[in-house]
Amino acid sequence: MTEAQKLRLERQLWNIANELRGKMDADEFRDYILGFIFYKYLSEKQHLFANQLLETEDTKEYNDLADEGDIEAIREESLEKLGYFLRPNELFSAVTSRGNADVQGGNNFILEELERILNAIEQSTMGNESEDDFNKLFEDIDLASTKLGRTPNARNQLISKVLAHLDAIDFQLDKVDADVLGDAYEYLIAQFASGAGKKAGEFYTPQQVSRILAKLVTLDKKRIKSAYDPTCGSGSLLLRVAKEAEVGAFYGQELNRTTYNLARMNMILHDVHFSRFDIRQEDTLEEPQHLDERFEVIVANPPFSAKWKGSNNPLNETDDRFSQYGKIAPSSKADFAFVQHMIYQLAENGTATVILPHGVLFRGAAEGVIREYIIKELNYLDAVIGLPPNLFYGTSIPACILVFKKCRVHDDNIMFIDASAEFEKVGNQNALTDAHVHKIIETYENRIPVEKYAYTAPLSEIAENGYNLNIPRYVDTFEEEDEINLNDVAKTLHALERDIKTTDKTIAGFCAELGISTPFVI
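Analysis parameters
- Residues numbered from 1 in each chain as written.
- Predicted model: local features only at pLDDT ≥ 70, side-chain atom pairs only at ≥ 80, totals over all residues.
- Heavy atoms only, no water.
- Core = buried A, V, L, I, M, F, W, Y, C linked by side-chain atoms within 4.5 Å.
- Buried < 20%, exposed > 50% of the residue type's maximum accessible area, 1.4 Å probe, protein only.
- Helix = DSSP H or I, 4+ residues; strand = E, 2+ residues; numbered from the N terminus.
- Contact = heavy atoms within 4.5 Å.
- Salt bridge = Lys/Arg side-chain N within 4 Å of Asp/Glu carboxyl O.
- Pairing = 2+ DSSP bridges.
- Expected span 1.5 Å × (residues − 1).
- Phe/Tyr/Trp six-rings, centres within 6.5 Å; stacked < 30°, edge-to-face > 60°.
- Patch = residues over 30% accessible without salt bridge, like charges linked within 9 Å, V, L, I, M, F, W, Y side chains within 5 Å.
- Areas by Shrake-Rupley, 256 points an atom, 1.4 Å probe, with all protein chains shown as cover.
- Axes fitted to C-alpha atoms, helices over the stretch in contact; angles between N-to-C directions.
- Parallel < 35°, antiparallel > 145°, perpendicular 65-115°, else oblique.
- Left-handed = near helix turned anticlockwise from the far one by under 90°.
- Nonpolar A, V, L, I, M, F, W, Y, C, P; charged D, E, K, R; others polar.
- Lys, Arg positive; Asp, Glu negative; His and termini not counted.
- Charge placed at Lys NZ, Arg CZ, Asp CG, Glu CD.
- Polar contact = N/O pair within 3.5 Å; in protein donor to acceptor, adjacent residues only side chain to side chain.

A. Looking closely at the nonpolar core. In this structure, Phe 36 and Tyr 39 are the most contacted members of the largest nonpolar core, which totals 101 residues. With 12 residues, helix 2 (residues 26-53) is the largest single contributor of residues to this core. Discounting chain neighbours no more than four positions away, the residues touching Phe 36 are Phe 92, Leu 114, Ile 141, Leu 143, Ile 159, Val 162, Leu 163 and Leu 166. Residues Ile 298, Val 354, Ile 370 and Phe 416 belong to the second largest nonpolar core, which totals 44 residues.

B. How the structure looks around the pattern of salt bridges. Inspection of every chain in the model, using the stated rule, returns 20 salt bridges. A salt bridge links Arg 408 to Asp 382, with the shortest nitrogen-to-oxygen separation between them at 3.0 Å. Taken together, the positions of Arg 408 in the loop between strand 7 (399-405) and strand 8 (413-418) and Asp 382 in strand 6 (residues 381-386) put the pair 26 residues apart, joining distant regions of the chain. A residue is classified by how much of its surface remains accessible, and Arg 408, at 8% relative accessible area, is buried. Salt bridges here are not isolated pairs; linked through shared partners, they connect Asp 335, Arg 363 and Glu 367.

C. How the structure looks around the pairing of strand 4 (residues 295-300). A large share of strand 4 lies buried, amounting to six of its six residues. Pairing geometry for strand 4 and strand 5 (residues 346-357), over five bridges, is parallel. Bridge assignment links Ala 300 to a residue of strand 5, and that residue is Val 354.

D. Up close: helix 18 (residues 486-514). Here helix 18 contains 29 residues, and its C-alpha end-to-end distance of 42 Å stays within 8% of the 42 Å for a straight helix at 1.5 Å per residue. Once helix 18 finishes, Gly 515 follows within two positions and takes phi at roughly 75°, a positive value.

E. Main features of the packing of aromatic side chains. The full count for this structure, using the stated rule, is eight aromatic pairs. Between Tyr 84 and Phe 134, the ring centres sit 5.6 Å apart and the planes meet at 40°, which makes this aromatic pair tilted. Remark: Phe 134 occurs in helix 6 (residues 131-134) and Tyr 84 occurs in the loop between helix 3 (68-81) and helix 4 (92-99); sequence separation between them is 50 residues. Judged by its relative accessible area of 3%, Tyr 84 is buried. The class for Phe 134 is buried, based on a relative accessible area of 1%. A connected cluster of aromatic rings, assembled from ring pairs, spans Tyr 228, Tyr 251 and Phe 295.

F. Summary view of a nonpolar patch on the surface. Nonpolar side chains collect at one region of the surface, where Ile 484, Leu 486, Val 489, Leu 493 and Leu 496 lie side by side and expose about 520 Å² of accessible area between them. Mapped onto the fold, Leu 486 is located in helix 18. Note on Leu 486: relative accessible area 64%, which makes it exposed.

G. View of the sheet that holds strand 4. Spatially, nine strands are ordered 3-2-1-4-5-7-6-8-11 in an open sheet, and the strand pairing comes out mixed. Sheet topology places strand 3 (277-281) and strand 11 (454-458) at the edges, where each strand pairs with a single neighbour. Geometrically, the sheet is characterised by an average inter-axis angle of 15° between neighbouring strands, direction not taken into account. Here helix 9 (residues 207-218) sits on the sheet and contacts strand 1 (223-229), strand 4, strand 5, strand 6 and strand 7; the angle it forms with strand 5, its principal contact strand, is near 160°.

H. The arrangement of the side chain of Thr 125 in detail. Topologically, Thr 125 is positioned in the loop between helix 5 (111-124) and helix 6. With a relative accessible area of 0%, Thr 125 lands in the buried category. Setting aside residues up to four positions removed in sequence, Thr 125 forms contacts with Gly 83, Tyr 84, Ser 130, Glu 131 and Phe 134.

I. Quick look at the packing of helix 9 against helix 10 (residues 236-244). The N-to-C vectors of helix 9 and helix 10 enclose an angle of 55°; their axes lie 8 Å apart at closest approach. If you check the angle between helix 9 and helix 10, you find them oblique. Between helix 9 and helix 10 lies a crossing of right-handed hand. Listed contacts from helix 10 to Gln 207, Ser 210, Arg 211, Leu 213, Ala 214, Lys 215, Val 217 and Thr 218 of helix 9 are Ser 236, Leu 237, Arg 240, Val 241 and Glu 244. Residues of the contact of helix 9 with helix 10, tallied by class, amount to five nonpolar, four polar and four charged.

J. Seen up close, a negative patch on the surface. Taken together, the side chains of Glu 57, Asp 58, Asp 67 and Asp 70 define an acidic patch exposed on the protein surface. Structurally, Asp 58 is set in the loop between helix 2 and helix 3.

K. Fine view of unusual backbone geometry. Here the phi dihedral of Ala 365 falls at roughly 55°; this positive angle occurs in a residue that is not glycine. Unlike most non-glycine residues, Lys 452 shows phi in positive territory, near 60°. Tracing the backbone through its elements, the reader meets Lys 452 in the loop between helix 16 (434-446) and strand 11.

L. Here's a closer look at helix 7 (residues 152-167). The first and last C-alpha atoms of helix 7 sit 22 Å apart over 16 residues, in line with the 22 Å expected at 1.5 Å per residue. Among all positions in helix 7, only Arg 155, Asn 156, Leu 158, Ile 159, Ser 160, Val 162, Leu 163 and Leu 166 are buried.

M. Spotlight on the environment of Ile 33. Secondary-structure assignment places Ile 33 in helix 2. Relative accessible area serves as the criterion here: at 1%, Ile 33 is assigned to the buried category. Between the C-alpha atoms of Ile 33 and Ala 17, which are 16 residues apart in sequence, the distance is 6.2 Å.

N. The packing of helix 4 against helix 7, seen in detail. One can describe the packing of helix 4 onto helix 7 by two numbers: an axis separation of 9 Å at closest approach and a directional angle of 135°. Taken together, the axes of helix 4 and helix 7 lie oblique to each other. Crossing of helix 4 against helix 7: the hand is left-handed. Across the interface between the two elements, Phe 92, Ser 93, Thr 96 and Gly 99 of helix 4 pack against Ser 160, Leu 163, Ala 164, Leu 166 and Asp 167 of helix 7.

O. Molecular detail of the side chain of Asp 278. Within the fold, Asp 278 resides in strand 3. With a relative accessible area of 18%, Asp 278 lands in the buried category. Here the side chain of Asp 278 touches Arg 280 through a polar contact of 2.9 Å, side chain to side chain. Not counting residues up to four positions away in its chain, the partners in contact with Asp 278 are Phe 250, Tyr 251, Gly 252 and His 290.

P. Structural view of the pairing of strand 7. Across the seven residues of strand 7, six count as buried, placing the element largely inside the fold. Of the pairings in the sheet, the one linking strand 6 to strand 7 comprises five bridges and is antiparallel in character. Bridged to Gly 386 within strand 7 is Cys 400.

Here it is in structure tokens:
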């Protein structure tokens, strides 16, 4: 698929979303559109897979298959290879056709049937290895919501129309790279994020920021055993890592139920087999789901300065993730609690990158103690990268990226990069270009100081600064203003004075001709 075709697919999908825009908020119609796209994807996958199995049979088209014995055989194969199963009459096109049938006095009401089919997809996985990955996956699609229409018939008409628009698009799953549809899906997530305001931060990290994190953790690596995101949102950060290196298995945890569903759909749409990902829903700090695992790569964009129980939960004092640092992260700011969690889960040969607010670089009290321990006792902090403000949906505050390694090559210094002034405006947001991303990665990789941009600070200097990591202490970006020539300023003032006198004289002449007083004293 060419870039132009890919853009057309993205535009087609976004235009379909417009059918629902105006009836509900962006984060609400997102659930319907992305859910239906996912249903169509599963349906087309099932159709192609079944037709391959039927190649040597008398009936070669799955839509025409009526023999229950053959359908049962396809069901068993599908559950093993795809992880789910759809009967011929449950395929997306069949349901869409019934919903848009022009029948005089007949019945084209499909909402109840559609709900049953979405439940049936989940039910088909029960007792199989894929069960956890499909459990309650469609729960956010509420076909009885009055926001879709006041009456059941109005809702049926709208949903049938949306399905018909989607059915007209050929996903070409047998011809194109799986990432094409997956990327189009991510494009929609980004579009929804831009309209969802503060809620967007819960499920989406801007693509270029994701690229930086992914490139940082995969430098010099072609294959990674495992990648983990403790606050995985829609899973976009994990999938971005897979664009930089081959990833054996993906692990993630997400608190928000809807976003957790989005992440699992995103994985499957990027053709990540259900046996290769393990995404779970729970509070990462209170109920970590992968505590016994260690990961080669960890990426995260946790909620900035989120509240957590901190020292109010006595169990945290003895929790191996938090207990060795001398202090527990404050209950009003969980930033360092997430860092401690990531360090605990990081493999000895691993790299972790995390996006955090600038406050973690210089705040004192418990956070100062934890920061000092990470640098002085553990020596895991490898780099601090300052990002421009207003990059993220839902907040305009500047953020930074911290890079952690347990086996550091350059263990006598920390790299500071101040990229805060390098961005371009895109609407109301700031954005990073490919050139900005390349410069950050190249600077980190080369570890060579760049005037007003990057500096390699010895650990002794950081100790002298009381383990304060505020970037301006290390990267001097001060720009001297040009000298003012007072003679030139005086000449400009004299010229203005002459112009004013000339204008006053002209106005006074007009006033004399009209026989009225001038509006100023001559």
